[in-house]
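# What the coordinates show
Single-letter residue listing:
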Amino acid sequence: QVQLVESGGGWVQPGGSLRLSCAASGFTFSPYAMSWYRQAPGKERELVALIRSSGGSTNYADSVKGRFTISRDNARNTVYLQMNSLKPEDTAVYYCNAVRTSVIGSTSYWGQGTQVTVSS
């Protein structure tokens, strides 16, 4: 029943923009920190951006700072990644992640990913 469904990926030219969305269902969204990861062919999965459950703090990979913005709308159970000034090296499958840490351990959910391709 737990689902994280990414959307908004596609093909853009260098310098273009995309807005990714991740719609969550099947669990209580608000206590979870939300993250975007990406994985390019032949490379390890890397953290792109994170937003805390409160929405009060965010973290970004150095490679995307100033270009990407993560946000969340708890009323809509949705997290977003606004990607501007896209570069070919941003090409990857982008995954949505939800995580909550408690005294009994961590709970983590993953979406299936959405492809982002940046090329001329």
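The structure we're discussing is the one just above.
Residues numbered from 1 in each chain as written. Predicted model: local features only at pLDDT ≥ 70, side-chain atom pairs only at ≥ 80, totals over all residues. Heavy atoms only, no water.

As a further point, take the overall build of the protein. Regarding its fold elements, the protein presents zero helices and 11 strands. From first element to last, N terminus to C terminus, the protein shows the α and β order β-β-β-β-β-β-β-β-β-β-β. The C-alpha radius of gyration computed for the protein amounts to 14 Å, which stays within 12% of the reference 14 Å derived for 120 residues, consistent with globular compactness. Expressed along its principal axes, the backbone C-alpha trace of the protein runs to roughly 45 × 25 × 25 Å. (Helix = DSSP H or I, 4+ residues; strand = E, 2+ residues; numbered from the N terminus. Rg over C-alpha atoms; globule rule 2.2 N^0.38 Å.)

One finds Met34, Trp36, Leu81, Met83 and Tyr94 to be the most contacted residues of the largest nonpolar core, which totals 29 residues. Elements with a minimum of two residues in this core: strand S3 (18–25), strand S4 (33–39), strand S5 (46–51), strand S7 (68–73), strand S8 (78–83), strand S9 (92–102) and strand S11 (114–118). Look past the residues within four positions of Tyr94 in its chain and what remains in contact with it is Glu6, Leu20, Trp36, Tyr37, Arg38, Val48, Phe68, Leu81, Met83, Gly113, Thr114 and Val116. (Core = buried A, V, L, I, M, F, W, Y, C linked by side-chain atoms within 4.5 Å. Buried < 20%, exposed > 50% of the residue type's maximum accessible area, 1.4 Å probe, protein only. Contact = heavy atoms within 4.5 Å.)

A regular strand places its side chains so that they alternate between the two faces of the sheet. Counted residue by residue, S8 has five buried out of six residues, so it is predominantly covered. Here six bridges tie S3 to S8, and the two strands are oriented antiparallel to one another. In the sheet register, Arg19 faces S8, and the bridge partner there is Gln82. (Pairing = 2+ DSSP bridges.)

What follows covers the packing of aromatic side chains. For any pair of aromatic rings, the description rests on two quantities: the centre-to-centre distance and the angle between the ring planes. Per the stated rule, a full pass over the model turns up four aromatic pairs. Geometrically, the ring pair formed by Tyr32 and Tyr109 is tilted, given 5.8 Å between the ring centres and 35 degrees between the ring planes. Residue Tyr32 is found in the loop between S3 and S4, and its partner Tyr109 is found in strand S10 (residues 105–110); the two are separated by 77 residues along the sequence. Exposure remark for Tyr109: the relative accessible area of 23% places this residue in the partly exposed category. Three or more aromatic residues joined by ring pairs form one cluster here, namely Phe27, Tyr32 and Tyr109. Between Arg19 and the ring centre of Tyr80, over which it is positioned, the NZ or CZ distance is 4.0 Å. (Phe/Tyr/Trp six-rings, centres within 6.5 Å; stacked < 30°, edge-to-face > 60°. Lys NZ or Arg CZ within 6 Å of the ring centre and 35° of its normal.)

Turning our attention to the pairing of strand S1 (residues 3–7). Side chains Leu4 and Glu6 of S1 all project onto a buried face; the interleaved residues Gln3, Val5 and Ser7 project onto a face where none is buried. Bridge count for S1 against S3 is five bridges, and the pairing is antiparallel. Paired with Val5 across the strands is Ala23, a residue of S3.

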